[in-house]
Amino acid sequence: MAKIAGSDDYLMAIVSDRLPGLTLKSTAHFIALEGSNTFSCQLRQVFVSDEWILAAPCADYIDRIKPGFVLAQVGMGLGVIQACVDSMKRSNQRYDHVNNYLDDSVDRIEADLGRLRSQTYALADTLNARPPYCDPGFLRRVVQARADASELSLRASQADMLHAGARSYLQGGAIERRLREAYFVAMVTPALKHLKKVLQNLPATP
């Protein structure tokens with residue numbers, strides 16, 4: 001995104017790393033999901049032709065793509081949570097006699113996952129059938145689903161650690177990796193704290 005000269009509006013464009021004057025620099029090394037491949041982009045006198053412009057000005061365009069963009073991120077959470085559920089079930093084959101004393105049982109996490117998955121799929125069906133770009137009630141439900149995915153990812157990954165016991169504390173294991181991945185779900189933009197701020201400012205659904 002870039003501010004349009006002589007205006008308060010912004011434009012949005014796609015740029016290629018082959019463009020003269022554009023330099024990509026890897027500055028971050030994450031503790032999980034490094035595949036997001038984050039780079040800083042330095043642009044010095046870069047010419048971007050009209051065919052690469054997505055919208056100018058871009059405020060309405062952002063409003064149109066926001067629900068789909070945020071909703072697509074819920075999939076990260078669903079995947080992490082499902083992996084945690086599967087792992088907890090494996091742990092219970094040996095430790096069920098003590099794991100059933102934990103507050104967040106595998107059955108509880110799995111039930112919450114089922115509700116979140118159903119809500120997410122219903123929102124996706126609604127978005128595909130008739131994109132409700134300007135419906136604040138729909139956007140609120142999308143943002144809530146994204147926030148729920150963050151919070152349930154954190155709960156599920158912690159429960160996975162506790163279900164597995166000492167072996168989950170071994171460095172380089174799949175269980176501790178899922179814990180780090182859950183934090184990625186909660187911290188990647190829009191982060192959980194930003195989602196809660198958006199929810200605070202959106203009108204309540206009837």
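Look above for the structure.
From a predicted model like this one, the values you see are computed outputs, not experimental measurements.

(A) The arrangement of the overall build of the protein in detail. In terms of helices and strands, the protein carries five helices and five strands. In the protein, 71% of the contacts between residues at least 6 apart in sequence involve partners at least 24 apart. Side chains of the protein carry 24 positive and 22 negative charges; the gap between the two charge centres is 3 Å.

(B) Summary view of the state of the cysteines. For the structure on display, the rule yields zero disulfides. Residue C41 stays outside any disulfide, its sulfur separated by 16 Å from that of C58, the closest cysteine. A relative accessible area of 2% means that C58 is categorised as buried.

(C) Inspection of the sheet that holds strand 2 (residues 10-13) at higher detail. Taken in spatial order, the three strands make up an open sheet running 1-2-5, and their pairing is antiparallel. In the strand order of this sheet, the two ends are held by strand 1 (2-3) and strand 5 (53-55), each with one partner. The pairing of strand 2 with strand 5 spans two bridges and is classified as antiparallel. Looking at strand 5, one finds that M12 is bridged to A55.

(D) Molecular detail of helix 4 (residues 174-187). Helix length check: helix 4, at 14 residues, gives a terminal C-alpha distance of 20 Å against a target of 20 Å (1.5 Å per residue), a fit within 8%. Among the residues of helix 4, those classed as buried are I175, E176, R178, E181, A182, F184, V185 and A186. Tucked inside the fold, the buried residues of helix 4 contact helix 1 (59-99), helix 3 (136-164) and helix 5 (192-201).

(E) The arrangement of the side chain of D160 in detail. As for its position among the elements, D160 is in helix 3. Note on D160: relative accessible area 0%, which makes it buried. At 2.7 Å, the side chain of D160 and the side chain of S87 are in polar contact. What D160 contacts, discounting residues up to four positions off in sequence, is C84, S87, M88, I175 and R178.

(F) Up close: helix 2 (residues 106-129). Between the first and last C-alpha of helix 2 there are 34 Å, a value that for 24 residues agrees with the 34 Å anticipated at 1.5 Å per step. Turning to helix 2, its buried residues number three or more, namely V106, I109, D112, L113, L116, T120, L123 and L127. Turning to helix 2, the residues buried within the fold contact helix 1 and helix 3.

Scoring rules and cut-offs
Residues numbered from 1 in each chain as written. Predicted model: local features only at pLDDT ≥ 70, side-chain atom pairs only at ≥ 80, totals over all residues. Heavy atoms only, no water. Helix = DSSP H or I, 4+ residues; strand = E, 2+ residues; numbered from the N terminus. Contact = heavy atoms within 4.5 Å. Lys, Arg positive; Asp, Glu negative; His and termini not counted. Charge placed at Lys NZ, Arg CZ, Asp CG, Glu CD. Disulfide = S-S within 2.5 Å. Buried < 20%, exposed > 50% of the residue type's maximum accessible area, 1.4 Å probe, protein only. Pairing = 2+ DSSP bridges. Expected span 1.5 Å × (residues − 1). Polar contact = N/O pair within 3.5 Å; in protein donor to acceptor, adjacent residues only side chain to side chain.

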